[in-house]
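Geometric and topological summary
Next come the chains, spelled out residue by residue.
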Amino acid sequence: MSTVLIIILVVVVIALIAGLLTTLSRRQEHRRSQDRVEARARVSEASRLRESAGDEHVHAERAERAAVHEREEAEAHLQRARQAEEEAGRRRSAAEDAEREAQQHAERAEAIDPDR
């Protein structure tokens, strides 16, 4: 009877070990499957982020070009304003000169003919 008991115990132990190995194998396969799904999700997310970054680069370049254009336009306006200011200064100076000359002519005319 002890031999039969030993054989039964050995068979039970072997069955337990086989069941344990099967369970471990299934768990490892399940983990591998989950890892593959997660890896695909990461690749998909990385691709989406790359695409989003590309779009952001396009928007940034567009904004940069617009800023350069606006800066050039502002510089052109500033240059025109400076030129207008210089022209106004020249005209003001010419007007003051003409006013002084008119005043001098009036004073001379007054000196020559006080009845006028």
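Calculation notes
Residues numbered from 1 in each chain as written. Predicted model: local features only at pLDDT ≥ 70, side-chain atom pairs only at ≥ 80, totals over all residues. Heavy atoms only, no water. Helix = DSSP H or I, 4+ residues; strand = E, 2+ residues; numbered from the N terminus. Rg over C-alpha atoms; globule rule 2.2 N^0.38 Å. Buried < 20%, exposed > 50% of the residue type's maximum accessible area, 1.4 Å probe, protein only. Areas by Shrake-Rupley, 256 points an atom, 1.4 Å probe, with all protein chains shown as cover. Lys, Arg positive; Asp, Glu negative; His and termini not counted. Charge placed at Lys NZ, Arg CZ, Asp CG, Glu CD. Patch = residues over 30% accessible without salt bridge, like charges linked within 9 Å, V, L, I, M, F, W, Y side chains within 5 Å. Salt bridge = Lys/Arg side-chain N within 4 Å of Asp/Glu carboxyl O.

Before going further, it helps to spend a moment on the overall build of the protein chain. Along the protein chain, the regular secondary structure elements total 1 helix and 0 strands. Taking 2.2 N^0.38 as the reference for a compact globule, 116 residues should give roughly 13 Å; the C-alpha atoms of the protein chain span a radius of gyration of 49 Å, well beyond that estimate. Its C-alpha atoms put the protein chain at 160 × 20 × 15 Å along the principal axes. In the protein chain, buried positions account for 0% of the 116 residues. Here the protein chain has roughly 10,700 Å² of accessible surface; of this, 57% comes from carbon and sulfur atoms. Distance between charge centroids for the protein chain: 19 Å, based on 20 positive and 24 negative side chains.

On to a nonpolar patch on the surface, then. A grouping of V13, I17, L20, L21 and L24 is seen on the molecular surface, where their side chains present a nonpolar patch of about 450 Å² in accessible area. The residue L24 is located in helix α1 (residues 2-112) in this model.

Attention now moves to the environment of R91. As for its placement among the helices and strands, R91 is situated in helix α1. On the accessibility criterion, R91 (58% relative accessible area) is exposed. For the pair R91 and D35, spaced 56 residues apart in sequence, the C-alpha separation works out to 82 Å.

This part takes up the pattern of salt bridges. Applying the stated rule across the entire model yields 7 salt bridges. Several salt bridges converge on common partners, so that one network encompasses E29, R32 and R36.

For the rest of this paragraph, the subject is the environment of T22. Note on placement: T22 falls in helix α1. The class for T22 is partly exposed, based on a relative accessible area of 36%. Each C-alpha atom, one on T22 and one on H59, is 55 Å from the other, the two residues being 37 residues apart in sequence.

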